[in-house]
Each structure stands twice: as structure tokens, then as C-alpha cells.
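Letter by letter, the chains look like this.
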Amino acid sequence: MDVKGTVALITGGASGLGAATARRLFDGDASVVLVDLPSSAGAALAEELNAFGAPGKSAVFSPADVTREAEVQAAVDTAAGLGPLRIVVNCAGIATPGKVLGRDGVLPLEVFNRVIQVNLVGTFNVLRLAAAAMVATEPAVTALGGPERGVIINTASVAAFEGQIGQPAYAASKGAVAAMTLPVARELARSLVRVVTIAPGIFETPMMAGLPQEAQDSLGAQVPHPSRLGKPDEYANLVAHIVDNAMLNGETIRLDGAIRMGPK
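Residues numbered from 1 in each chain as written. Predicted model: local features only at pLDDT ≥ 70, side-chain atom pairs only at ≥ 80, totals over all residues. Heavy atoms only, no water.

## A look at the nonpolar core
The test is simple: We define a nonpolar core as any set of buried Ala, Val, Leu, Ile, Met, Phe, Trp, Tyr and Cys residues linked to one another through side-chain atoms lying within 4.5 Å. Per-residue accessibility, obtained with a 1.4 Å probe over protein chains only, is compared with the maximum for each type, and a residue is labelled buried under 20%, exposed over 50%, and partly exposed between these values. Should any heavy atoms of two residues lie within 4.5 Å, those residues are considered in contact.
Ranked by size, the top nonpolar core spans 31 residues in total, and within it Val32 and Ile87 carry the most contacts. Setting aside chain neighbours within four positions, we find isoleucine 87 in contact with Met1, Val3, Thr6, Val7, Ala8, Leu9, Leu25, Met134, Val151 and Val243. Counting residues in each nonpolar core, the second largest holds 28 residues, with Val66, Val126, Ala133 and Ile152 among its members.

## A short note on unusual backbone geometry
Operational definition: Helix and strand definitions follow DSSP, with helices as H or I runs of at least four residues and strands as E runs of at least two, each counted in order from the N terminus.
Here the bond from histidine 225 into proline 226 is cis, since omega is 0 degrees, no more than 30 degrees from zero. Of note, proline 226 is situated in the loop between helix H8 (213-221) and helix H9 (232-244). If you check the backbone angles, aspartate 29 has positive phi at about 75 degrees while not being a glycine. In this fold, aspartate 29 is placed in the loop between helix H1 (16-27) and strand E2 (31-36). Aspartate 29 sits in the partly exposed class, given a relative accessible area of 28%.

## Regarding a nonpolar patch on the surface
To keep it simple, the criterion reads: Residues forming no salt bridge and having over 30% relative accessible area are the ones grouped into patches, like charges within 9 Å of each other and nonpolar side chains (Val, Leu, Ile, Met, Phe, Trp, Tyr) within 5 Å. Each accessible area is a Shrake-Rupley result for a 1.4 Å probe, and residues are judged covered by the shown protein chains and nothing else. By definition, a salt bridge exists where a carboxyl oxygen of Asp or Glu is found within 4 Å of a side-chain nitrogen of Lys or Arg.
A cluster of nonpolar side chains, Val100, Leu101 and Val106, forms an exposed patch at the surface whose accessible area comes to about 330 Å². Following the sequence through the fold, leucine 101 ends up in strand E5 (residues 101-102).

## A short note on the sheet that holds E2
Which entries qualify depends on this criterion: At least two bridges found by DSSP between two strands are what make those strands a pair. An axis is simply a line fitted to the C-alpha atoms; with a helix, the fit covers only the stretch in contact. Between two such axes, the angle follows the N-to-C directions and lies from 0 to 180 degrees.
The strand order across the open sheet formed by 7 strands is E3-E2-E1-E4-E9-E10-E11, and the pairing between neighbours is parallel. If you trace the sheet from one side to the other, it starts and ends with strand E3 (59-63) and strand E11 (252-255), each paired once. Shown here is a sheet whose adjacent strand axes are inclined to one another by a mean of 20 degrees, direction ignored. Where strand E4 (residues 85-90) lies against strand E9 (residues 150-155), 3 bridges are found, and the strand directions are parallel. Across the sheet, the residue bridging to isoleucine 87 is valine 151, located in E9. Helix H3 (residues 69-82) contacts strand E1 (7-11), E2, E3 and E4 of the sheet and is inclined by roughly 170 degrees relative to E2.

## Considering helix H6 (residues 168-188)
In plain terms, the rule: Multiply 1.5 Å by the residue count of a helix minus one, and that product is the helix's expected span. By definition, a residue's bend is the angle between the axes fitted to the seven residues ending there and the seven starting there.
Relative to the 30 Å expected for 21 residues at 1.5 Å per residue, H6 spans 30 Å between its end C-alpha atoms, a close match to the ideal helical length. Along H6, the largest kink reaches about 30 degrees and is centred on threonine 181; proline proline 183 follows within four residues of it. Turning to H6, its buried residues are Ala169, Tyr170, Ala171, Ser173, Lys174, Val177, Ala178, Met180, Thr181, Val184, Ala185 and Leu188. The inward-facing, buried residues of H6 contact helix H4 (109-134), E9, helix H5 (159-162), strand E10 (193-200) and E11.

## Section: the packing of aromatic side chains
We count it as follows: Stacked, tilted and edge-to-face are the three classes assigned to paired rings of Phe, Tyr and Trp, where Trp is represented by its six-membered ring and a pair needs centres within 6.5 Å; plane angles under 30 degrees give stacked, over 60 edge-to-face, the rest tilted. Criterion for a charge above a ring: Lys NZ or Arg CZ within 6 Å of the ring centre, and within 35 degrees of the ring normal.
Applying the stated criterion to the full structure yields 0 aromatic pairs. Positioned over the ring face of phenylalanine 26 is lysine 57, at 4.2 Å from the centre of the ring.

## So, the pattern of salt bridges
Evaluation of the coordinates by the stated rule reveals 12 salt bridges. The salt bridge partner of lysine 231 is glutamate 204, with a shortest N-O separation of 3.1 Å. On the criterion of sequence distance, the pair formed by lysine 231 in the loop between H8 and H9 and glutamate 204 in the loop between E10 and helix H7 (206-209) is long-range, its members being 27 residues apart. The exposure class assigned to lysine 231 is partly exposed, which follows from its relative accessible area of 34%. The salt bridge partner of glutamate 234 is arginine 228, with a shortest N-O separation of 2.6 Å. You can call glutamate 234 partly exposed: its relative accessible area is 28%. A relative accessible area of 30% places arginine 228 in the partly exposed class. Within this structure, Asp65, Arg68, Glu71 and Arg114 form a network of salt bridges that share partners.

Listed below in C-alpha cells is the structure:
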């Protein structure tokens, strides 16, 4: 599917993987709707993109908590108002750690639930509302032939498969995102909408930036090849390829430099 002239909605779009994806799709002549918390840098990024954008496309910041239906619906409506909504990328997420039995006792249920709400329920909330808007558009014809309405790209993690000690909530949430990929792809196939999930390894993100440089270097050294942290642009490049390649559907793709996480 050609990116040019489409509209892309990106959650977590103000920073990290989401911001890199927004830049990549905007450079491909898509309009982008950046969905992130009101306190984020979403408005500044939209202003920056628009300052260098060509006529016929725009970047818009739509502040929202992905777990809140009305706020996400407003973002979807904004995207649909700019043109055909054909691309959705779910990057919003949190990684609050916590052992089942930690130093302070049993992991509070509200901590576990918050991670599930943002990473899993938030992803599904965006997916379902955006899918409804997508199926209302006229199909586009892909470069290799055949109609297509759009693609929804979710973000899991290698923790979905090799969760470490202290990651029960995070691993559970990302495992569930990976697990729902195929059934949703099968359902939306009749509407000409694809669903694909990316499972990144260890990437340079705002969450990672909070660690000491020594810790970041140590984590990067664990990646077999290339032996470094992943770059947000590498995630964005995969998003662009998924959009372009109509045969990618119902799959969870690891983007991890062949890392397999140890217990801790």
C-alpha cells in the first residue's frame, strides 16, 4: 500500500518508536495524527513536522489516554477528517517493573492492572475504534494489484516470549498483544484490513534513557548482532515495509538482533 495521500494514527507518537514512525510516514507524504498524553511533546513534534512539510499533508497532535474511549474516538475522528485513515501504529506503553514477591511484599494488584490496561486494553481500544473508521473507507489498490483498506500495526516485545524476573505484568500484556494478532487479522481480512505486530528487542527509547549509560551499554552488548541497542528509525523502517508489503498479515515479527533474554 502506498503511504502517499493516506492518514496514519500513531499512539505514543510524541517520542521514541512512535515519533520515529511519525517522521518516517510523514516523510513518505502521509498525514499523521500523533496520539499521546497531554503532558507529552506531541504538539511540539507536530509543529516541527508541519514547518517542513509539503502541501497536501499535515501533522496533528491529538492528546489522549489510550485507555479512555472518548479521547481515542476523538483522535480517530480527527484522523478520518484529514483523509482516508489507512495506517494505525500502536506504540503507547509502559513497563512498570515488579516482582510477584518483592522487598515490600506482594505486588499490588493495581500495579499489575495498570500495565495491562495501558499495554493491552489500550492497544485493543485503539485497534477497535480505528478499525471501524478504516472499514468505512473505499479500498485502495496496491502496487502489485488487489484492494486494501489499511493496516494496523501493534507493538509487543521480546518479553512476550522471554519475560524476565520482575516483568510478570509487562510480559503478560505484551504476550496478549501478540496472541490477539492472528484472530483479529483473520476477522478483519474480510474488510481488507491487515493486522501485524512488531516485537522489538532492546531499543533506545525514553524508558531506556532513564538507565545509566553503563547499564545501557551492558544491555546492548547482549545483542548478538548488531551488538548494540536498536534505533527507533529501525523500528520505523519495519513499519514502512509492513505498510508496503501486502502479504504481511497476522504475524508477530521479532526485531531484536537475535537476542534471547535471560532470566534477569
